[in-house]
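Structural overview
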Amino acid sequence: MSPELILALLAATVQAGTPILYATLGEIISERAGVLNLGVEGIMALSSFAGFLGCHLTGSAWLGLAAGGLAGALLAGLHGVVCQVFLGNQVVSGLALTIFGVGLCNFLGTPYIGQATDGFHQFAVPLLADLPILGRIFFRQDALVYLSFLMPALVWFLLWRTSFGLGLRAAGEMPAAASAAGLNPQRLRFLGVLLGGLLCGLGGAYLSLAHTNLWTTGLSGGRGWVAVALVIFAFWRPGRAVAGAYLFGGVMAFQLRLQASGTNVPSSLLLMLPYVLTVLVLVLSAARAQSARRRGILGRKSAAPAALGVNIESVG
Amino acid sequence: MKQRIRTFGALALTLALGLALVLAGCEKASEKAPEKVAPSAEGGPKTGELKIGFVYTSPVGEAGYSWAHDQGRKAIEKLPDVKTSFAEAVKDGTDAERVIENMARSGYDLIFTTSFGFMDPTMKVAKDFPKVKFMHCSGFKSAENVSNYFGRIYQARYLTGMVAGLMTKSNIIGYVAAFPIPEVIRGINAFTLGVRSVNPKAQVRVVWTKTWFDPALEKDAAISLLDVNADVIAQHQDSPGPQEAAQQRGKYSIGYNSDMAVFAPKAHLTAAVWNWAPLYEAIVKEVRAGTWTGNRVIWWGMDKGIVDIAPFGPMVPKAVADKVLAQKAEFVKGNDKVFVGPIKDQGGKVKIPDGVKAEDKELLGMTWFVDGVVGSVQ
Amino acid sequence: MGWGAPVVYLCALALSLGLCALMLILAGKPALGGLFMLFRGAFGQGHSLLDALIKAIPIFLCSLGVALCFRMQIWNIGAEGQFALGAVGATWAALTFGTLPGVVLLPQMFLSALVLGALWGLIPAVLRLRLGVNEIISSLMLNYVGILVLEYLVFGAWKDPASFGFPMTSEFPPAALIARIWPGWLGKLHWGLIACPLAGVAYSVFLNRTRLGFELAACGEGERVARYARLPYGFLVLLVMGLGGALSGLAGSIETSATLGRLQPTLMVGYGYTAIVVAWLARLKPWPIAFTAFLLAALRVGVEAMQLELQIPAAFGQIMEGAILLCVLAGQFFLAYSVSLKRPRTGPPAQVAEARP
């Protein structure tokens, strides 16, 4: 591979990783608050349509993005109502949400197929774009990609440096203790679900506003599921989410380029790469963490929030 | 409470099972009766309303493979006394069998199953419903009441390949393809032969996506080809993702299924398109006249107008257009020379000897790439 | 709580059907007629009931498999991949020992399906036990890998030379096909159905009558509890994942042999994911699992009929299914509520009940 091709590959990695990154961060917030949301795929599907529609009707990409985020939050809110108010099982609710969201996207979106939108376009960031190597990879992208650079830090700040974040995590770890401390874990959880849905919605909107500027259905294409898996891969930490999303996007982009440069490896094997590699990396990092733990360096940092998936009323 | 739920569940299930058995019996009895009185459609001309069903593998949408078939359906619906309906997004395998069987059972006279994956289900249902006529698209099995049909879309592919070969400057042409099955491989080969007929130095690079419809992935695949210097992107996919990628990079694209110019007006050179209406109309006429028979393979080409190329984009020079249209005229005359030897495979081995025209059977089972294609056939 | 459960379910169902009727009206279709068609397509005819029953078989088996794992809080969502590997195992046996008579060949196929499915289930189990790798992610990723393994074989080594290069194995010899029970009366219903009561009873007996079953339930309280109680936690994880994988694998082999008669990528239609929904809706109990699997299968069959009659888009069926699931799920709340009225909890009071106004 030529250096030029490698740079193109890395730039493509960032593009392919961005929607997954948004969704992974959203799911991290939701799960940190103790609510497992398996409906990410449905949320991304519906918000990709909402993003398109918003942009199509108003002509503004930013309003489209807002519509996408709003749709994501609304659909996640449905999940919140079913799980928080009616104490429905989070796994079923999430899966039902996926079926519902994908169906709604197809149903509402079909009449618009083929409509072009004036979404987000790539532009070079002054000065930064001229950096050797890095400029080409990171700073000739679109506004949503730049926004996604800030997101992990924002989410980290929100969760670990604000009292709201502390309460949110408490609602996910020990709702009883949070309640004893005078917080309202139910409300915190609901907010966490909404916020998470919003971010997943941004990921969906990225697909219809930046990744492609033509509306068709089926844009989510399984990316929501990948995001759900990457949350665990990321050990529920925003920083590692970046690594996960770019790793996944990168391997996908890599296998396509491997094919494009002419290889005789069967495509089924190449397509297995991202999935196998995700597990392998997880295995390796788990092995390293384990040996570190044996030497007493790290605590139980890779564990899920203690009350994840457990509805508050049934904790007792 | 546990106990209650369990007993309730048990009761309900036994009830449902019992009901199933009883109803199955009744159904069988009631099903037999009308079958006997139903006028034999075989042989004699069919008068009165003709009910025709279509089974599609993907949602109809606004462009793509099923959409093209649906245009054909709409054309025959305009014929007098014809009622059509369709089932879309039907998954191959057992779901398809049920859907087709439902159609056969509800009195459809003629059923078009439009995707390769419906072959076995069609055959199975056809066995149980000998009075219903089936037309299966793109497969290789037939029976007394099942015939096969398909179009020589490879002729259109060949022409679009010529356009690509004449328009490329880098001599690398990208091809985003769905699944390595003969239908797709045949298309890639015909395209490449078209490319090579006008530009022996050009090569065609193939990327498999293993999906018929994933706009974002297809776009990424096209970008990966553009990254290795391809300057024309062709596709065997149902979404316009690759078109868009080409337009964004200021390169050219070639569409499939229907005129994709709306998606990428600046990039779209032409497209290989389906036009099923003439074939569907002819089949309906046959059924009306009572001349329809099973066990046939109907492969129509450009001479009958069921495959074509879309109008050229404004960037195609007249010289190129003329050259391609001259070849098209040959096809329209019925002079199909796409797979006439000598044709070598990727390894340089002669697969179709000099002057020999490949038989349809060979084309149907094509699993090798011609010389000039870069990529794995798996 | 008497007839509370069915009443609640019926109300939830009625509510969701009302929603569906509303959507039908919005789509400009007859609402009542549509619902009637849905019902008739699902239950109104013998053949549709049979279709639903046939479709429910793989869902039930996979669902039982994942339910077993969920019982001890092992989140196995890999039924789809285990199903694929089961199909691969059965196909391998059918293609390798095709000349044997059915009495030998079919058990051979089931055995290899059980083994391969179990192995595919054991990978996440081992990774979890040895390295602490979360089984949700590994089993989910293995779903994709399993399907691609199937595709790799069908597009490659196992491709039928007579299939003109299309991705399918050659047809199984008749001895490798599961027979229909009573073709004259029961249509396509096949003997694979027998596996369901067998597996269901085994599941109940195992959980309620054996020591391991009790230990398994105890492990459901959490890993730490289990280790303090000196329960064989690791062994049980391997056991449930192995058994769960084997059940899904069995489902894969039955589906391949009885309904397709050859291996094709089209085998994979997502039963492994449906199974998870079913298992949870049925609260991991075998009879409700059977009932729910049947209902969900019937719903899908009914939606197909409605789609054909009314010419509504396929996506409509998805919306309806999602709406129904959400409504029924929310409806279960009232079930729990009425229970707690009659039987106060014995444990510590609900933790944050006081936090609600």
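Regarding the overall build of chain A
- Scanning chain A from terminus to terminus reveals 12 helices and 0 strands.
- Counting from the amino terminus, chain A carries its helices and strands in the arrangement α-α-α-α-α-α-α-α-α-α-α-α.
- Taking 20 Å as the expected radius of gyration for a compact globule of 316 residues, we find that chain A reaches 20 Å, a close match to that expectation.
- Put simply, chain A has 316 residues, and 60% of those count as buried.
- In chain A, the share of contacts with a sequence separation of at least 24, taken over all contacts with a separation of at least 6, comes to 78%.

Quick word on the interface of chain A and chain C
- With 49 residues of chain A at the contact, the number on the chain C side is 46 residues.
- Secondary structure elements with two or more residues in the side of chain A that touches chain C: α3 (61-85), α4 (90-109), α8 (175-180), α9 (185-211), α10 (223-233) and α12 (267-294) of chain A.
- Looking at the side of chain A that touches chain C, its residues break down into 34 nonpolar, 14 polar and 1 charged.

A few points about helix α4 (residues 119-128) of chain B
- All of the buried residues in α4 of chain B are Met 119, Asp 120, Pro 121, Thr 122, Val 125 and Ala 126 of chain B.
- If you follow the buried residues of α4 of chain B, they end up packed against α3 (94-105), β3 (110-113), β4 (133-137) and β5 (146-151) of chain B.

Considerations on the sheet that holds strand β12 (residues 307-309) of chain B
Residues and elements named next belong to chain B.
- Across the sheet, 7 strands lie side by side as β12-β10-β9-β8-β6-β7-β15; this open sheet has mixed pairing. For this open sheet the edge positions go to β12 and β15 (373-374), each flanked by a neighbour on one side alone.
- Judged from the 2 bridges that link them, strand β7 (residues 203-208) and β15 form a sheet pairing that is parallel. Residue pairing across strands places Val 204 opposite Val 373, the latter belonging to β15.

Some thoughts on the packing of α12 of chain A against helix α6 (residues 135-155) of chain C
- With their axes 9 Å apart at the nearest point, α12 of chain A and α6 of chain C run at an angle of 155 degrees to one another. When the interaxial angle is binned, α12 of chain A and α6 of chain C end up roughly antiparallel. By crossing handedness, the relation of α12 of chain A to α6 of chain C is classed as left-handed. On α6 of chain C, the residues touching Ser 268, Leu 269, Leu 271, Met 272, Tyr 275, Val 276, Thr 278, Val 279 and Leu 282 of chain A of α12 of chain A are Ile 137, Ser 138, Met 141, Tyr 144, Val 145, Leu 148, Glu 151, Tyr 152 and Phe 155 of chain C.

Topic: the nonpolar core
- Within the largest apolar cluster, 361 residues are counted, with the highest numbers of intra-cluster contacts made by Leu 230 of chain A together with Leu 61, Val 240 and Ala 279 of chain C.
- Split by domain, the residues of this core number at least three in each of domain 1 (50-151) and domain 2 (153-274 + 306-374) of chain B.
- Setting aside residues no more than four positions away along its own chain, Leu 230 of chain A makes contact with Ile 20, Thr 24, Ala 241, Gly 244, Ala 245 and Phe 248 of chain A.

So, the confidence of the model for chain A
- The pLDDT averaged across chain A works out to 86; a share of 95% of its residues lies at or above 70.
- Looking over chain A, one finds the lowest element-wise mean pLDDT in α12 of chain A, namely 80, and the highest in helix α2 (residues 40-58) of chain A, namely 94.

Notes on the packing of helix α6 (residues 143-161) of chain A against helix α7 (residues 163-173) of chain A
Residue and element names in this part refer to chain A.
- Across the interface, α6 lies against α7 with an axial gap of 5 Å and an inter-helix angle of 75 degrees. One element, α6, and the other, α7, form an angle in the roughly perpendicular class. Taking contact as the criterion, the partners of Leu 158, Leu 159, Trp 160 and Arg 161 in α6 are, on α7, Phe 164, Gly 165, Leu 168 and Arg 169.
- Grouping the constituent residues of the contact of α6 with α7 by class yields 5 nonpolar, 1 polar and 2 charged.

A look at the sheet that holds β4 of chain B
Residue and element names in this part refer to chain B.
- Ordered in space as β2-β1-β3-β4-β5-β11, the 6 strands form an open sheet in which the pairing is parallel. The outermost strands of the open sheet, each flanked by one partner alone, are β2 (82-87) and β11 (297-300). Looking at each pair of strands side by side, their axes are set apart by 20 degrees on average, direction ignored.

What about unusual backbone geometry?
- Note the cis peptide between Gly 341 of chain B and Pro 342 of chain B, where omega equals 5 degrees.
- Tracing the sequence through the fold places Pro 342 of chain B in the loop between α10 (318-332) and β13 (343-344).
- Phi is positive for Ile 133 of chain A, close to 60 degrees, though the residue is something other than glycine.
- Looking at where Ile 133 of chain A falls in the secondary structure, it is placed in the loop between α4 and α5 (134-138).

Regarding the pairing of strand β6 (residues 172-177) of chain B
Residues and elements named next belong to chain B.
- For β6, a buried count of 5 out of 6 residues is recorded, marking the element as mostly surrounded by other parts of the structure.
- Strand direction decides the pairing type here: β6 and β7, joined by 6 bridges, are parallel. When the sheet's bridge partners are listed, Gly 174 is paired in β7 with Arg 205.
- In terms of handedness, the path from β6 via helix α6 (residues 182-198) over to β7 forms a crossover that is right-handed.
- By the bridge criterion, 5 bridges tie β6 to strand β8 (residues 232-236) in an arrangement that is parallel. Residue pairing across strands places Gly 174 opposite Ile 233, the latter belonging to β8.

Here is what the cut-offs are and how they apply
- The residue numbers shown here count from 1 along each chain, following its written sequence.
- Ligands are numbered from 1 and chains lettered from A, in the order in which they are written.
- Only residues with pLDDT of at least 70 get local features here, since the model is predicted, and only at 80 or more are side-chain atom pairs given and counted; chain-wide, interface and lining totals rely on the full set of residues.
- By the criteria applied, helices consist of DSSP H or I runs no shorter than four residues and strands consist of E runs no shorter than two, each listed in order from the N terminus.
- In this description the radius of gyration comes from C-alpha coordinates, and the expected globular size is given by 2.2 Å times residues to the power 0.38.
- Three classes are used. A residue is buried when 20 or more other C-beta atoms lie within 10 Å of its own, exposed when 12 or fewer do, and partly exposed in between, with C-beta atoms placed from the backbone.
- Throughout, a residue-residue contact means that the two C-beta atoms, derived from backbone geometry, are no farther apart than 7 Å.
- For this classification, Asp, Glu, Lys and Arg are treated as charged, while Ala, Val, Leu, Ile, Met, Phe, Trp, Tyr, Cys and Pro are nonpolar and the rest, including Gly, are polar.
- In this description, strands pair whenever DSSP reports at least two bridges between them.
- For helices, the fitted line uses only the C-alpha atoms of the stretch in contact; every axis is such a line through C-alpha atoms, and the angle between N-to-C directions lies from 0 to 180 degrees.
- If an angle is under 35 degrees, it is roughly parallel; if it is over 145, roughly antiparallel; if it lies from 65 to 115, roughly perpendicular; otherwise it is oblique.
- A crossing counts as left-handed when the near helix is turned anticlockwise from the far one by less than a right angle, and as right-handed when that turn is clockwise.
- Joined through C-beta atoms within 7 Å, a set of buried Ala, Val, Leu, Ile, Met, Phe, Trp, Tyr and Cys residues constitutes a nonpolar core.
- Note that the domain bounds were set by an automatic or database domain assignment.
- pLDDT is defined as a per-residue confidence score from the predictor, taking values between 0 and 100.
- Crossover handedness is defined by viewing with both strands directed away from the observer: a clockwise path from the first strand over the helix to the second marks the crossover as right-handed.

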